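# Coordinate inspection notes
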Amino acid sequence: MRPQTGRALQRRSRSRQEDSEEAEEATQGDSAPYQARGKMTRVAIITAHGGSMLDVGKWPVFALVPPNELRLIRQACVFGSSGNEAIYVTVNDEVFALGTNCSGCLGLGDVQSTIEPRRVDVLCGKKIVSLSYGTAPHVVIATADGEVYAWGHNGYSQLGNGTTNHGMIPAHVSTNLLNKKVVEVACGSHHTIARTLDGEVYAWGYNNSGQVGSGSTANQPTPRRVSSCLQSKVVVNIACGQLCSMAVLDSGRYGGGGTYGWGYNCNGQLGLGNNGNQHTPCRIAALQGINIVQIACGYAHTLALTEDGLVYAWGANSYGQLGTGNRSNQAVPVLVNLEKERLVEVAACHSTHTSAAKTQAGQVLMWGQCRGQAVASPHLTHCSSTDDVFACFATPAVTWRLLSVDGDDYLTVAQSLKKEFDCPEISDLKFLVDGKPIHVHKALLKIRCEHFRTLLNESDEDSIEIQQFSYLVYRAFLEYLYTDTINLPPEDAVGLLDLATFYRENRLKRLCQDTIKRGISEENAITLLSAAVKYEAQDLEDFCFKFSVNHLTAVTQSQAFAAMDHSLLKNFISKASRYGAFKN
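Read on for a plain summary of the structure. Counting restarts for each chain, with residues numbered from 1 along the sequence as it is written. Side-chain atom pairs in this predicted model are given and counted only at pLDDT of 80 or more, local residue features only at pLDDT of at least 70, and totals for whole chains, interfaces and linings cover all residues. Side-chain metrics in this entry use all non-hydrogen atoms of the structure; hydrogen atoms and water are not considered.

### Some points on the pattern of salt bridges
- Whenever Lys or Arg places a side-chain nitrogen within 4 Å of a carboxyl oxygen from Asp or Glu, that contact is recorded as a salt bridge. On inspection of all chains with the given rule, the structure shows 19 salt bridges.
- A salt bridge links Asp-121 to Arg-119, with the nearest nitrogen and oxygen atoms 3.3 Å apart.
- Exposure classes here rest on a 1.4 Å probe applied to the protein chains alone. A residue is buried below 20% of its type maximum, exposed above 50%, and partly exposed in between. Residue class for Asp-121 comes out exposed when judged on its relative accessible area of 56%.
- Lys-575 is paired through a salt bridge with Asp-542; the nearest N and O atoms lie 3.8 Å apart. With Lys-575 in helix H13 (residues 566–579) and Asp-542 in helix H10 (residues 538–550), this pair connects stretches of sequence that are 33 residues apart.
- The exposure class assigned to Asp-542 is partly exposed, which follows from its relative accessible area of 29%.
- Because the salt bridges share partners, they merge into one network encompassing Asp-55, Lys-58, Asp-388 and Lys-418. Numbering of helices and strands starts at the N terminus; helices are DSSP runs of H or I of at least 4 residues and strands are runs of E of at least 2.

Structure (structure tokens):
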């Protein structure tokens, strides 16, 4: 605890030699209201080159992966009926898997669950460029060499190897693809489609509704070219719903583009104006003359992005996933009203009823199923990417695509600041707390905190020692100045509340109180009540008091109650009596 009459800071003379300590991983998320509760650490992953970041901390399946391994992740995918399976690629092109391993979908050669990452030897060094997964699940990838590998559930031949035996390890899918370079794969619940560099589409697996486009409903055991009206056409984008398939044609060649759908259509997800299944590709007439640049499929709905940044939606709408403001299905594409915001990306996943989009300005919108609730109109989120929407809102919390640091490297101002926190390369000030350095930037501290504006205007020191607060608390405070959020368990948030009170940071004080409220329990209620009284946090004091009275028996049996300060105990009993806690 800080001395009552001590100076807030003690300066240390400048260091002539740069510290060599490695900066610790940032532990704060993008948006406090949407992050998972509890003590799970949020980890910002930095490549070995110190550049792009891949944040996988939003998906619980990564919570037990050691930080030194998380730091090396370059690509990742989370899938499975509960979001409990993951595959990731490191900077060294090694592939690892962890999770519940249903049907051998981790590709490890067995069906044993694992909370520790295990290497998938077959895929190491393959350079994955596209990955998709099915419901059972099965997993399919395309490599930089254009090869296709598949493994996992195979009850409907969705692995394309001509059998219905589950695949325990990734196997090369070669039939009809040997001389083809596959650049994109997409999976429905139990079928798979692949797009080649030449713009051809191949499909295989479950076909009860015509989703492989063969003209029948017989399952397709090996890859087969989807021809029909796609013959001589160049496909540039593919997607799958649970039981349907979609393809977008090149608008500059062979007839001026077009969007085609086939398979299950009882919810109108093919956009054809009817509810009849299609056994071969059929062009969406309502999109005639509209240049579609990206298509994405949800469980039974479809989103299409135009070159003008508009989005059309059609299909099932029981959760408002079409963004039309109601929950009525639409059998033809309807324009989603986004108040003239120009979009650059749409997102959906065949295992969810959630929709998302990103604007040209970097804002992220979501609609549809949100933690079980129906959101019928697009809502602005605090997410930094469409990937975050599926981690935070979708059920299950999966990834809608292969996460990769090789994608969009644009960072917002907030993301850039977060990235530079505690980064020694360009910092001009170092705090030493409990012997550990925290690297910051004087200009940002002056802008964000009146205390530092005064302090740093009076001093040109580049190293300051802090003795009044712990490393954990002071680091959280400095990180708050970079991110506007905190991520501490309630017991540590009490220490941060002390700091916020001392520095007169009222907003931080409120955030600490909110954190403490979320983490209150019968065991720590009295400890938190005592802290609220000490730091004159009246709202928090009232909250802790009411909680304690409502759980009086358990609270009075806790160790904290037994060690309670006498004057506080006397006041608690008196107040609880007036509250009626001791009435029969």
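### Considering the packing of aromatic side chains
- Each Phe, Tyr or Trp ring, with Trp reduced to its six-membered ring, pairs with another whose centre is within 6.5 Å; inter-plane angles below 30 degrees give stacked pairs, above 60 give edge-to-face pairs, and intermediate values give tilted ones. Scanning the model with the defined rule gives 18 aromatic pairs in all.
- For the pair Phe-502 and Tyr-503, a centre-to-centre distance of 5.6 Å together with 40 degrees between the ring planes defines the contact as tilted.
- Judged by relative accessible area, Phe-502 falls into the partly exposed class, the value being 28%.
- A relative accessible area of 6% places Tyr-503 in the buried class.
- One aromatic cluster is present, built from ring pairs that chain together Phe-431, Phe-452, Phe-469, Tyr-474, Phe-477, Phe-502 and Tyr-503.
- The rule for a charge over a ring is simple: NZ of Lys or CZ of Arg within 6 Å of the ring centre, and within 35 degrees of the ring normal. Lys-575 extends its terminal NZ or CZ atom over the ring of Phe-545, reaching a point 4.5 Å from the ring centre.

### Here's the deal with unusual backbone geometry
- In this structure, the amide linkage connecting Ala-136 to the following residue, Pro-137, adopts the cis form with an omega of 0 degrees.
- Topologically, Pro-137 is positioned in the loop between strand E8 (128–133) and strand E9 (138–143).
- In the segment running from Thr-395 into Pro-396, the intervening peptide bond is cis, with an omega of 0 degrees.
- Checked against the element boundaries, Pro-396 lands in the loop between helix H2 (386–392) and strand E28 (403–404).
- Positive phi, close to 50 degrees, is recorded for Arg-371, a residue that is not glycine.
- Despite not being glycine, Asp-422 has its phi angle at roughly 55 degrees, a positive value.
- Within the secondary structure, Asp-422 sits in the loop between helix H3 (413–420) and strand E29 (429–433).

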